[in-house]
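Observations on chain architecture
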Amino acid sequence: MGRSRRTLPEELLLLALDPATGTTAQPQSLDLGLAGAQLVELALAGRIAPDGDRIAVVVPRPTGDPTLDCALELLRRRGAPVRAVHWIGGPRLGLRQTYLSHLERCGMVHAVEGQMCGVLPTTRYQATDTAISREIRARLDSAIRTGVPPDPRTAALAALAHAVGLGKHLYPGNEGRSSRSRLRDLIRHDPMGGLVAHAVMDVQNGVAAQPRRGAAPAGRQAPGGRPVAENARGVPAQPRRGSMARVPAH
């Protein structure tokens with residue numbers, strides 16, 4: 001995958017970054033959104049595809065993006081399609097910091113060190129090129145304002161922004177109510193984005209254990225008849241390799 005195009009996780013993070021404070025809006029749900037955005041980006045790259053409410057690897061070839069390829073490899077190791085809600089709800093330690101550090105290396109943000117209450121060290125991230133964030137925001141605004149069906153990438157970004165609660169950040173107050181409603185409605189324009197966005201909301205609502213209506217049956221098997229390893233709650237076991245370090249809160 002060429003680096004001329006920003007990935008959906010990067011765009012979602014830039015949308016969430018407050019230009020005034022250097023902090024990220026909705027930090028807890030944003031972590032889930034970034035994991036979901038990786039799935040959509042891999043689908044757009046033709047590496048994975050939906051299988052009911054599950055995600056199947058269809059082309060295991062690396063994309064050239066190290067963070068996406070780590071996710072792709074973890075999905076490949078599962079050996080069978082995994083429910084999107086289980087994947088997104090799994091441990092994703094360090095994902096937000098990984099993308100913030102990447103944006104810093106690319107020159108799109110710069111880190112500002114500080115202290116909380118004069119004691120605790122903090123790191124905030126200020127955008128160095130606000131034109132990029134404005135361009136991303138303009139795509140959402142255009143889709144909301146015109147009502148013209150957006151391209152799949154913008155539709156997926158809108159679905160993820162709604163799922164993690166960025167509507168309140170992007171379109172605040174009573175005057176933003178209609179824009180927030182239209183942002184939510186954009187979820188229908190991209191099936192993969194919709195699947196992932198619903199999975200993000202299901203994890204937040206604590207309903208990850210219940211399959212969606214019409215979902216693929218439980219007890220999936222890997223090629224050769226091997227059952228997929230699951231923990232005591234019936235959730236496919238998460239590989240331990242590839243975990244990232246814990247991130248300080250922003």
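Please read these numbers as outputs of a predicted model, since none were measured by experiment. (Residues numbered from 1 in each chain as written. Predicted model: local features only at pLDDT ≥ 70, side-chain atom pairs only at ≥ 80, totals over all residues. Heavy atoms only, no water.)

1. Focus on helix α7 (residues 152-163)
The terminal C-alpha atoms of α7, which comprises 12 residues, lie 16 Å apart, in line with the 16 Å expected from a rise of 1.5 Å per residue. In terms of burial, α7 is a largely internal element, 10 of the 12 residues being buried. Of all the positions in α7, only Arg153, Thr154, Ala155, Ala156, Leu157, Ala158, Ala159, Leu160, Ala161 and Ala163 are classed as buried. If you follow the buried residues of α7, they end up packed against α1 (8-16), α2 (27-44), α6 (130-146), α8 (167-170), α9 (177-185) and α10 (191-204). (Helix = DSSP H or I, 4+ residues; strand = E, 2+ residues; numbered from the N terminus. Expected span 1.5 Å × (residues − 1). Buried < 20%, exposed > 50% of the residue type's maximum accessible area, 1.4 Å probe, protein only. Contact = heavy atoms within 4.5 Å.)

2. Digging into the pattern of salt bridges
One pass over the full model with this rule turns up 11 salt bridges. The salt bridge partner of Arg139 is Glu11, with a shortest N-O separation of 2.8 Å. Placement of Arg139 in helix α6 and of Glu11 in helix α1 is noted, with a sequence separation of 128 residues between them. Of the charged contacts, one joins Arg96 and Asp31 as a salt bridge, the two residues approaching to 2.8 Å between their closest N and O atoms. Residue Arg96 is found in helix α5 (residues 95-105), and its partner Asp31 is found in helix α2; the two are separated by 65 residues along the sequence. (Salt bridge = Lys/Arg side-chain N within 4 Å of Asp/Glu carboxyl O.)

3. Observations regarding the nonpolar core
Within the largest apolar cluster, 61 residues are counted, with the highest numbers of intra-cluster contacts made by Leu39, Ile88 and Leu166. For this core, the secondary-structure elements that each account for two or more residues are α1, α2, α3 (66-78), α4 (84-89), α5, α6, α7 and α10. With eight residues, the top contributor of residues to this core is α2. Residues in contact with Leu166, not counting those within four places in the same chain, are Leu12, Leu15, Ala16, Ala25, Gln26 and Ala161. (Core = buried A, V, L, I, M, F, W, Y, C linked by side-chain atoms within 4.5 Å.)

4. A short note on the environment of His162
Mapped onto the elements, His162 comes out in helix α7. Distance from His162 to Arg184, taken between C-alpha atoms, is 5.7 Å for residues 22 residues apart in sequence. Look past the residues within four positions of His162 in its chain and what remains in contact with it is Leu183, Arg184 and Met201.

5. Structural notes on the pairing of strand β1 (residues 48-51)
Examined bridge by bridge, β1 and strand β2 (residues 54-57) share four bridges and lie antiparallel to one another. Paired with Ala49 across the two strands is Ala56, which belongs to β2. Between β1 and β2, which pair antiparallel and follow one another directly, the connecting turn spans two residues, one of which, Gly52, has a positive phi of 70°. (Pairing = 2+ DSSP bridges.)

6. What to know about the environment of Val59
Here Val59 shows up in the loop between β2 and α3. Looking at Val59, the relative accessible area reads 26%, which means it is partly exposed. In the structure, Val59 is positioned 13 residues away from Leu72 in sequence and 9.4 Å away in space, judged by C-alpha atoms. Discounting residues that sit within four places of it in the chain, Val59 has contacts with Gly46, Arg47 and Leu72.

Geometric values such as these leave the question of function open.
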